[in-house]
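# Geometric and topological summary
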Amino acid sequence: MGKTKDKSGPLARRPDNSAFKQQRLPAWSPMLTANTVLPFFYLLAVICMLLGVWLLLLVQSTQEIKLDYTDLGNCNECFDLRRNVSNAVQTCSCRVEFSIDKSLKGDVFFYYGLKNFHQNLRRYMDSRDDGQTLGRIKKLKNPSSYCAPFDKDNDGVPIAPCGAIANSMFNDSFTLNYHLSSSRIVPVPLLRTGLTWYTDKNVKFRNPRADNLTLAEVFEGTRPPLYWQKPVYSLDPHDPNNNGFINEDLIVWMREAAFPNFKKLYGILNRADPIFEKGLPKGNYTIDISYNFPVQHFQGRKGVVLTTLTWFGGQNHFLPIAYLVTSSLILLTAVVLTVAWWKFGKDGKNMKE
């Protein structure tokens, strides 16, 4: 029988006397001196400055036109009409005129925007049924309790799609027109598909499948959300493949915005037309608006945005300014350290004890 090691006593928990456990392994400890730190600070300041200037020039190369139409021109009549909820079923249209002084070259993106609309509230974000929008037949007529009180209508009929997010879907529609001359108005073609993320369109949102049934028959026995003017299976009368839960306007709206002021993609310029092959030419334009979405109850505003994009995105100056501010702070720190090093000497001989 071999002898067993006695593990009792005050030294039982002491680590083994090895180089690893006693931290005797060879290591490199950098010596931070002015000759190494100051060049690093100046180099980092230059890199941040170059990135900031480059991104700023990139952002400024994009062109953007913003137009708030909440109560602009004859939209003021529709604005007053939408004050009363009882007028929700009444149609109202208006027209907004604007001009483009410099051609928008390349791909042009059409956004609608809202101000002071908080999509990031927790109860609002939870008010949806992902199983229903995933196309599960059982969920179609048995929506989740998270959707309450927008899960069923007053007659107890299930709502599809259910929830507060779908119920508040933005439903203004736009027709952009280009005034080629005083007597000729050309509609600007907009692509109304290809607006969503691939995972949203092909994974998270699907229509219920039923053999030999039309989409309207599949949704039979359900009702549209309370404030919708059309059922979900006929949201896009021009494209039968863009209806139901895979309607791209619905998918774009269902992806909640993080901030109360936001914009969402409505369409992309179709450059197949020879007139718009290079983008939007300069000239006079009008937007015919089907004015449906009320904003008075949350003191909001709404508008449209026409913009070009780069690989960096649209006109967002936050990151370029952040780089420039960071560069300035690093440069200021480097100058202060340089002055201190120059005054007191490399070896600290001039420092008072």
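Everything discussed here concerns the structure shown above.
Residues numbered from 1 in each chain as written. Predicted model: local features only at pLDDT ≥ 70, side-chain atom pairs only at ≥ 80, totals over all residues. Heavy atoms only, no water.

### A few points about the state of the cysteines
The cut-off we apply is this: Here, a disulfide means two cysteine sulfur atoms that sit within 2.5 Å of each other. By the criteria applied, helices consist of DSSP H or I runs no shorter than four residues and strands consist of E runs no shorter than two, each listed in order from the N terminus. A 1.4 Å probe rolled over the protein chains alone gives each residue an accessible area, and that area as a share of the maximum for its type sets the label: buried under 20%, exposed over 50%, partly exposed in between.
A complete count under the given rule lists three disulfides for this structure. Put simply, Cys75 and Cys94 are joined by a disulfide, and their sulfur atoms are 2.0 Å apart. As the torsion about the S-S bond is roughly 75°, the Cys75-Cys94 disulfide counts as right-handed. Separated by 19 residues along the polypeptide, Cys75 in helix α2 (residues 75-81) and Cys94 in strand β2 (residues 93-100) bring together distant segments of the chain. This pair shows no difference in class: Cys75 is buried, exactly as Cys94 is. One disulfide in the model links Cys78 with Cys92; its S-S distance is 1.9 Å. Residues Cys78 and Cys92 share a disulfide whose torsion about the S-S bond is about -85°; that sign makes it left-handed. Note that Cys78 is positioned in helix α2 and Cys92 in the loop between α2 and β2, a separation of 14 residues in sequence. Like Cys78, the residue Cys92 is buried in the burial classification. Each bonded cysteine in the protein gets a number by its place in the sequence, and the pairs come out as 1-4, 2-3, 5-6.

### So, the side chain of Asn247
Condition: By the criterion applied in these results, polar contacts are pairs of N or O atoms within 3.5 Å in which, for protein atoms, one can donate a hydrogen and the other can accept it, and in which residues neighboring in sequence qualify only through two side-chain atoms. Pairs of residues are marked as contacts when any of their non-hydrogen atoms sit within 4.5 Å.
In this structure, Asn247 sits in the loop between α8 (215-218) and α9 (248-254). One polar contact links the side chain of Asn247 to the main-chain carbonyl oxygen of Asn242, over a distance of 2.7 Å. Sequence-distant contacts of Asn247, defined by excluding residues within four places in its chain, comprise Met169, Leu235, Asp236 and Asn242.

### Observations regarding the sheet that holds strand β10 (residues 283-290)
Quick note on the threshold: Only strands joined by at least two bridges in the DSSP assignment are considered to pair. Where helices are involved, their axes are fitted lines through C-alpha atoms of the stretch in contact, as for all axes, and angles between N-to-C directions lie from 0 to 180°.
Within the open sheet, the four strands sit side by side as β2-β10-β5-β6. Their pairing is antiparallel. Here the strands that pair on one side only, and so sit at the sheet edges, are β2 and β6 (185-187). Here the strands of the sheet are splayed against their neighbours by 30° on average, with no regard to which way each runs.

### Examining the sheet that holds strand β11 (residues 301-308)
Two pairing modes exist for strands in a sheet, parallel and antiparallel, and in both the strands are linked by backbone hydrogen bonds. A sheet is described by the order of its strands in space; here five strands give the open sequence β1-β11-β4-β8-β7, paired in antiparallel fashion. One side of each edge strand has no neighbouring strand; the edge strands of this open sheet are β1 (64-68) and β7 (190-191). Relative to β11, β1 runs antiparallel, the two being bridged by five bridges. Considered in β11, the bridge of Lys66 is made with Val305.

### Describing the environment of Thr310
Following the sequence through the fold, Thr310 ends up in the loop between β11 and α10 (318-344). Take Thr310: its relative accessible area is 25%, and that puts it in the partly exposed class. It is 9.9 Å that separates the C-alpha atoms of Thr310 and Gly106, two residues lying 204 residues apart in sequence. Setting aside anything within four residues of it in sequence, one finds Thr310 in contact with Leu58, Ser61 and Thr62.

Geometry only, nothing functional implied.
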